[in-house]
Amino acid sequence: MPALFLGLGWAPLVDWDENIYAEVARQIMVRGEYLILHLNGHQFWEKPPLFLWEMASFFRVFGVADGVARLPSAVNGLLFVIGIFVVGSRFVGATFAGLWSLVYLSTFLPLLLARSAVIDHTFNALITAAVFLLVLYDQAREAVRPGIHSRWRYWWPLLLASAVMGLAVLTKGPLGGAIPLVAYGFYKLGRGRAWPHPVHILVCGVVSLGIGLSWYVANYLAAGPDFLEKFTDFQRMLFSRPLEGHDGPFYYHILVGVVGLFPWTPLLLLYLRVMVRQALWQDDAIRPLIVMCLGWTGFVLLVFSIAQSKLPHYSSVMYVPLTFLIALALAELVRQRQSISFWMGGVFVLFGAAFGVGMAVLPYFMQVLALRGRIELTVPPTPADVAWWPGALLAAGAVIGGLVLIRGHIRTGVVIMALVMALFMPGVWRVHLPLFTAYNQGAVIDLMQRAYAQNGELVLYRMVSFAVLFYGQRDVEMLHTYKFPGDPARLDRPVAHPVFVITPKQEAERLEREHPLLERVAEEGRLAMYRLAPDA
C-alpha cells in the first residue's frame, strides 16, 4: 500500500503528460461534457476517454489536487497486482503468483507509472487482463466435453476478453486490441492445438470493436469527420516523426527496458542456467506461456522501435511478460531448492547499488545538470540535507536482497526488495520529483503567477506548457505551435487589459521583431516574459 499510495501529492504534476490528462479531466468535470473532450478551449482528440472519465470522477468526489489526479492510477495499480496474483495462481501456482505480484509491484517503471497521473498503467492492466482471459478461453474450450460440460465455460472468458480489449482501445487506442491478439497468437503457436472457431473470432471482433469504436463513432456523429482526421493524423505522426524532440535510436526501448525493469533486470540471466530453462520448457503447461511472453515482448519492442517518437512509458506493457518470465525462473529455483549463482548475485548487487548511489547523489547535482541544459533559476531549489536517503536505502536494500538471494532464500530476498522499493518510491516523490518539476516547469509557473497577480492575460509564444492550464485553471493562447491554432496579430492590437507573453529566450529576438509593442518585464530560467500594456 505505501508503494502505491504514500505521498502521491508530495510533488506537482509533471509537464507534459500528467498536466494534459489532469486538465482534460478537470474540463470534463467543469463542463459536464463526457463525449467531446476539451483542452485549452479546443477539442482534445489525441487520446480516448476511459481513463480521463475515471480521473474526472475522482476530481468530482475528492476535489482537484495533485494527489487526486494520481489516485486513479494507484487504485488501478492495486487492482492490477491483485489480478496478477489471481492469474498467477490460476495458470501456474501460488508460489509463482506471490513472486510475480511482488516482482511486478516492485519493478521501477511500472511502480513509477502506477503513482503517476498517466494512462499507461491502466492501459497495461487491461491488456494483461485481455491476454490471460484469451488464454483461459483457449484452455476451457479444449477442456469442454459435449454433453458433459456447458459451453458457457469458454464463452464467458471469450466475451469478457473481447469486452476488455474494447475497453483497452477506449483507454489509449488500437494497440489495446492488437497486443492481446498478438500475445494470444504466440500462445497458440507454443501450444500447437486447433485455432479458435470462426464464429468465436467473429463474436470477439464484434464485441471488442463495438465497445472500442463506440466513442469514436459517437464523436464522428457529434463533431464530424474532422475529429477522426485529427486523431489518425496524430497517431501517424507518432510513428512517422519525433514529436517535441522525443527521438532516439532504434534500440531506445531496449535500453529503457534495462533500467525500467530495475532491480530485477539481472535475473533474466537465470535462463542461461540449463536446469531452469529445461525444467520450464519441458512443462507442457508452461512452455506456451513462455512463448507467449517472448512474442508479447518482441512485438511491443518492434512496434515502438519503429515508431519515431520515443518515450519510456510507450513500451511499458512489456514489463508484464518480462516479470512473468523472471517469476517463473525464481519459482523454479524455489521448487528445486536452489539459489542464484554467486556471479549473478554479484551482478544484481552491483546493478542495485550503482542505481541507488546514483539516486542518492542526484539531488545534489540537479542544479549542475540544469545549468548544462541552460536552465538557470533566480532562486534554485535547495535539496534537503538528507536528500540522499532514498538512494542510500535502495543501495543498501539491493546489497542485502542480493546476498539473501545468493544464500537461496528466494522468497525472502524478493520480499526484502519489494519492501525497499515500497519505501524508495515515495522517497522519489518527496525528494527528486519536487526538484525536477522546479526546473522543468517552475519558471513558467512563477511567471504565470506574476501575470495573473496583475490581472493580466497570458499568452505563450513558440512554446507549449500544460502546467499553466492545470495550475492556472484558465485557457492560454499558445502561438505558433502545432498543438493549438492562434492569432499572433492580437499582439499588435490595442488591449483593454495587460497581456503577458512568455517565450523561450532563444525566441525573444524574433518576438521583439515581430511584435514591437511588447516590453520585456521579467526573466526566469530559460524564459522571458513581455508585457503588452492596455494603452499600447
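Here the structure is a predicted model, which is why all the values come from computation and not from measurement.

S.K.: Is there a simple way to explain the packing of helix α17 (residues 342-372) against helix α19 (residues 410-440) in this structure?
M.R.: The packing of two helices is summarised by the inter-axis angle and the distance between the axes. Relative to each other, α17 and α19 sit at 15°, their axes nearing to 10 Å. Judged by the inter-axis angle, α17 sits roughly parallel to α19. Crossing handedness for the pair α17 and α19: left-handed. Of the residues in α19, those in contact with F348, F355, M359, L362, P363, M366, Q367 and A370 of α17 are M417, F424, V428, V431, H432, L435, F436 and Y439. A class-by-class count of the residues in the contact of α17 with α19 yields 14 nonpolar, 2 polar and no charged.

S.K.: What exactly am I supposed to notice about the nonpolar core here?
M.R.: One recurring pattern in soluble globular proteins is that nonpolar side chains are buried together. Counting 162 residues, the largest nonpolar core has W100, M292, W296, L330 and L458 as the members making the most contacts within it. Other than its neighbours up to four places away in sequence, W296 contacts I127, T128, V131, F132, I179, A183, V317, V320 and P321. Counting 13 residues, the second-largest nonpolar core is a separate cluster that includes V459, Y461, L479 and V495.

S.K.: What should I look at first to understand the side chain of D15 in this one?
M.R.: With respect to the element layout, D15 can be found in the loop between α1 (2-5) and α2 (17-31). The buried charged residue D15 lacks any salt bridge partner; its closest oppositely charged side chain belongs to R526, at an N-O distance of 10 Å. There is a polar contact of 3.2 Å between the side chain of D15 and the backbone nitrogen of F466. Not counting the four nearest positions on each side in its chain, D15 is found in contact with N440, Q441, S465, F466 and A467.

S.K.: Would you mind going over the packing of helix α7 (residues 120-143) against helix α15 (residues 287-306) with me for this structure?
M.R.: Orientation of α7 relative to α15, taken along the N-to-C sense of each, is 145°, at an axis distance of 13 Å. The hand of the α7/α15 crossing is right-handed. Along its contact with α7, which presents I127, T128, V131, F132 and V135, the element α15 presents L289, M292 and W296. Tallied by class, the residues present in the contact of α7 with α15 amount to 7 nonpolar, 1 polar and no charged.

S.K.: Would you take a moment to explain the packing of aromatic side chains for this structure?
M.R.: Two descriptors summarise a pair of aromatic rings, namely the distance from one centre to the other and the angle between the planes of the rings. A full pass over the atoms with the stated rule returns 21 aromatic pairs. Plain terms: the ring middles of F262 and F351 are 5.3 Å apart, the flat faces sit at 65° to each other, and that makes the pair edge-to-face. With F262 in the loop between α13 (252-260) and α14 (274-281) and F351 in helix α17, this pair connects stretches of sequence that are 89 residues apart. Classification of F262 by relative accessible area gives buried; the value is 0%. Seen from their ring centres, W264 and F348 are 6.0 Å apart, and the 50° between their planes marks the pair as tilted. With W264 in the loop between α13 and α14 and F348 in helix α17, this pair connects stretches of sequence that are 84 residues apart. Per residue, the accessibility class of W264 equals that of F348, and both read buried. Among the aromatic residues, those joined into a cluster by ring pairs are F91, F96, W100, F132 and F324. Here the basic side chain of R115 rests over the ring of W429, its NZ or CZ set 4.4 Å away from the ring centre. Its guanidinium or amino end placed over the ring of Y452, R474 lies 3.7 Å from that ring's centre, counting from NZ or CZ.

S.K.: Which parts of the structure should I look at to understand unusual backbone geometry?
M.R.: Trans peptide bonds make up most of the peptide bonds, and negative phi angles are found at most residues other than glycine. The omega torsion of the bond from D15 to W16 falls at 5°, within 30 degrees of zero and hence cis. With respect to the element layout, W16 can be found in the loop between α1 and α2. Going from F262 to P263, the amide bond is cis rather than trans, its omega being 0°. With respect to the helices and strands, P263 occurs in the loop between α13 and α14. Unusually for a residue other than glycine, N40 sits at a positive phi of about 60°. Of note, N40 is situated in the loop between β1 (38-39) and β2 (42-43).

S.K.: Which parts of the structure should I look at to understand the side chain of Q139?
M.R.: Within the element layout of this structure, Q139 appears in helix α7. According to the relative accessible area criterion, Q139 is buried, its value standing at 18%.

S.K.: Which parts of the structure should I look at to understand the sheet that holds strand β5 (residues 499-504)?
M.R.: Think of a sheet as strands paired side by side through backbone hydrogen bonds, with each pair either parallel or antiparallel. Read across the open sheet, the 5 strands follow the order β4-β3-β5-β7-β6; overall the sheet is mixed. A strand with exactly one partner marks an edge of an open sheet, and here the two such strands are β4 (477-479) and β6 (519-524). Put simply, the sheet's adjacent strands are angled 25° from each other on average, direction ignored. Note that β5 and strand β7 (residues 527-532) share 6 bridges and pair antiparallel.

S.K.: Is there a simple way to think about the pattern of salt bridges in this case?
M.R.: Side-chain pairs of opposite charge can arise where the charged atoms are in close proximity. Summed over the entire model, instances satisfying the criterion amount to 21 salt bridges. Here E18 ties to R70 by a salt bridge, and the two come within 2.9 Å at their closest N and O atoms. Placement of E18 in helix α2 and of R70 in helix α4 (residues 66-91) is noted, with a sequence separation of 52 residues between them. R70 shares its class with E18; the two are buried. Overlapping salt bridges, with partners in common, bring together D138, R141, E142, K188 and R191 in one network.

The rules behind each value
- Residues numbered from 1 in each chain as written.
- Predicted model: local features only at pLDDT ≥ 70, side-chain atom pairs only at ≥ 80, totals over all residues.
- Heavy atoms only, no water.
- Axes fitted to C-alpha atoms, helices over the stretch in contact; angles between N-to-C directions.
- Helix = DSSP H or I, 4+ residues; strand = E, 2+ residues; numbered from the N terminus.
- Parallel < 35°, antiparallel > 145°, perpendicular 65-115°, else oblique.
- Left-handed = near helix turned anticlockwise from the far one by under 90°.
- Contact = heavy atoms within 4.5 Å.
- Nonpolar A, V, L, I, M, F, W, Y, C, P; charged D, E, K, R; others polar.
- Core = buried A, V, L, I, M, F, W, Y, C linked by side-chain atoms within 4.5 Å.
- Buried < 20%, exposed > 50% of the residue type's maximum accessible area, 1.4 Å probe, protein only.
- Lys, Arg positive; Asp, Glu negative; His and termini not counted.
- Salt bridge = Lys/Arg side-chain N within 4 Å of Asp/Glu carboxyl O.
- Polar contact = N/O pair within 3.5 Å; in protein donor to acceptor, adjacent residues only side chain to side chain.
- Phe/Tyr/Trp six-rings, centres within 6.5 Å; stacked < 30°, edge-to-face > 60°.
- Lys NZ or Arg CZ within 6 Å of the ring centre and 35° of its normal.
- Pairing = 2+ DSSP bridges.

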